Amino acid sequence: MLFRSYFWWEHRSGREATSEQLVAMKEKLAASERKVEEALLLTRQLLVVTRAQASPAQERQLAETIANIDSRTYDLLKAGKIDEGGASLRTIAEAKAAVAATSATDAARARKEAAKAWRDVATVARLTNPGEAVAAYAKAVEADADDADSLFALGEIQIIRGFLDEADGRLRKVLELARAGSNDRHIYWATLRRGDIRRANGHLADALALYREARTTADAALRADPANAGWQRDLSVLFNKIGDVFFAQINLPRSEEHTSELQSHSFISYAVFCLKKK
């Protein structure tokens, strides 16, 4: 990370960084990493206290939100005052939304800031009040119709609630935005969740096709960055889902391509793991 920061600075400035500047970069990076680690620890404590369920991705999102909130709200959450912390974030979001509604200059930036503030409200609200989280995500999308993070979160919640057609519409929008912005992470997760919808509707072949499409995205990302733990974790989630579909199709006729994929090392390993659990 330090070397990336150095090269970024050198590229932007057109000159080499001095030893003092490198020291300053290192100190800033270390402080940022400490803040994230503290936020992650607090996140896990809050999840235990509230007994809220969170995927690894949701846990990371909550930690990132906590790491970047104002000090007053952070202190409230650290003291276990989740409702008061949420109210503090809501006050900030309402103020930013008011600015966005009346901003005559740089309106796009104001709308994005308002959407981010409502997204922070929603992320914390998911700990104790899912209904409030949905309302906050909706306000984020109202502020910025291209807020892919909020659109994706609404899609996930709609899947849980069983509103699959509405969820698919949200995820299609996420994919449209992600492809325009070359956001591989959004492309991967939106495609994977659309596969979940097809699977829930009993369309296993369609689900498998979408899972394979998501795998193509993840494989490409890992080829570019083989040591990326996030992509490795995301790909393991996908292997589980593909393996589940294969087991559901175990008595169905399979094409040569399907059989070859079943015989791959990754899926044989997963199948053995599942059989050991039974």
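Residues numbered from 1 in each chain as written. Predicted model: local features only at pLDDT ≥ 70, side-chain atom pairs only at ≥ 80, totals over all residues. Heavy atoms only, no water.

## Remarks on the overall build of the protein
- A tally of regular secondary structure across the protein gives 14 helices and 0 strands.
- N-terminal to C-terminal, the α/β element order of the protein is α-α-α-α-α-α-α-α-α-α-α-α-α-α.
- Within the protein, the fraction of its 278 residues that count as buried is 40%.
- On the protein, roughly 16,100 Å² of surface is accessible, and the fraction owed to carbon and sulfur atoms is 53%. (Helix = DSSP H or I, 4+ residues; strand = E, 2+ residues; numbered from the N terminus. Buried < 20%, exposed > 50% of the residue type's maximum accessible area, 1.4 Å probe, protein only. Areas by Shrake-Rupley, 256 points an atom, 1.4 Å probe, with all protein chains shown as cover.)

## Some thoughts on the nonpolar core
- The biggest cluster of nonpolar side chains holds 64 residues, and the ones touching the most others in it are Ile66, Leu127, Tyr188 and Leu238.
- Per-element tally for this core: the top contributor is helix 6 (residues 107-125), with 9 residues.
- Look past the residues within four positions of tyrosine 188 in its chain and what remains in contact with it is Ala214, Thr217, Ala218, Trp231, Asp234, Leu235 and Leu238. (Core = buried A, V, L, I, M, F, W, Y, C linked by side-chain atoms within 4.5 Å. Contact = heavy atoms within 4.5 Å.)

## Examining the packing of helix 6 against helix 7 (residues 130-143)
- The contact between helix 6 and helix 7 brings their axes to 8 Å, and the two run at 170°. In terms of orientation, helix 6 lies roughly antiparallel with respect to helix 7. The segment helix 6 lies against helix 7, with Arg111, Ala114, Ala115, Trp118, Arg119, Val121, Ala122, Thr123 and Ala125 engaging Pro130, Glu132, Ala133, Ala136, Tyr137, Lys139, Ala140 and Ala143.
- For the contact of helix 6 with helix 7, the residue count by class is 12 nonpolar, 1 polar and 4 charged. (Axes fitted to C-alpha atoms, helices over the stretch in contact; angles between N-to-C directions. Parallel < 35°, antiparallel > 145°, perpendicular 65-115°, else oblique. Nonpolar A, V, L, I, M, F, W, Y, C, P; charged D, E, K, R; others polar.)

## Describing the confidence of the model for the protein
- In the predicted model, the protein carries a mean pLDDT of 82, and 83% of its residues have values of at least 70.
- Across residues 1-14, where pLDDT falls below 50, the model places 18 contacts with residues more than four positions away in sequence or in other chains. (pLDDT = per-residue confidence, 0-100.)

## Overview of the packing of aromatic side chains
- Per the counting criterion, the structure on display carries 2 aromatic pairs.
- Aromatic side chains tyrosine 188 and tryptophan 189 sit 5.2 Å apart centroid to centroid with 90° between the ring planes, which places their arrangement in the edge-to-face category. For the pair tyrosine 188 and tryptophan 189, one class covers both residues: buried.
- Seen from their ring centres, tyrosine 188 and tryptophan 231 are 5.5 Å apart, and the 85° between their planes marks the pair as edge-to-face. One end of the pair, tyrosine 188, is in helix 10 (residues 184-200); the other, tryptophan 231, is in helix 12 (residues 229-248), with 43 residues separating them in the sequence. Comparing tyrosine 188 with tryptophan 231, the two get one shared label, buried.
- Aromatic ring contacts, followed pair by pair, group Tyr188, Trp189 and Trp231 into a single cluster.
- When the ring centre of tryptophan 118 is taken as reference, the NZ or CZ atom of lysine 139 above it lies at 5.3 Å. (Phe/Tyr/Trp six-rings, centres within 6.5 Å; stacked < 30°, edge-to-face > 60°. Lys NZ or Arg CZ within 6 Å of the ring centre and 35° of its normal.)

## Things to note about the pattern of salt bridges
- The final tally for this structure, using the stated rule, is 21 salt bridges.
- Across the pair glutamate 213 and arginine 179 runs a salt bridge whose closest N-O atoms are separated by 3.2 Å. Of this pair, glutamate 213 sits in helix 11 (residues 204-224) while arginine 179 sits in helix 9 (residues 164-181); the two residues are 34 residues apart in sequence, bridging distant segments of the chain.
- Of the residues examined, glutamate 213 reaches a relative accessible area of 35% and is grouped as partly exposed.
- Two residues, lysine 241 and aspartate 196, come together in a salt bridge whose shortest N-O distance is 3.2 Å. Remark: aspartate 196 occurs in helix 10 and lysine 241 occurs in helix 12; sequence separation between them is 45 residues. (Salt bridge = Lys/Arg side-chain N within 4 Å of Asp/Glu carboxyl O.)

## As for the side chain of aspartate 120
- You can see aspartate 120 is positioned in helix 6.
- In this structure aspartate 120 touches Thr65 and Leu89, once residues within four positions along its chain are discounted.

## A few points about unusual backbone geometry
- One non-glycine residue, arginine 51, adopts positive backbone phi at about 55°.
- Position of arginine 51 relative to the elements: it lies in the loop between helix 2 (19-50) and helix 3 (56-68).

## Focus: helix 12
- Taking 1.5 Å as the rise per residue, helix 12 with 20 residues should run 28 Å; its terminal C-alpha atoms sit 29 Å apart, in good agreement.
- For helix 12, every residue scored as buried is listed here: Gly230, Trp231, Asp234, Leu235, Leu238, Phe239, Lys241, Ile242, Gly243, Val245 and Phe246.
- In this structure asparagine 228 caps helix 12, since a side-chain oxygen of it lies 3.0 Å from the backbone nitrogen of glycine 230. (Expected span 1.5 Å × (residues − 1). Polar contact = N/O pair within 3.5 Å; in protein donor to acceptor, adjacent residues only side chain to side chain.)

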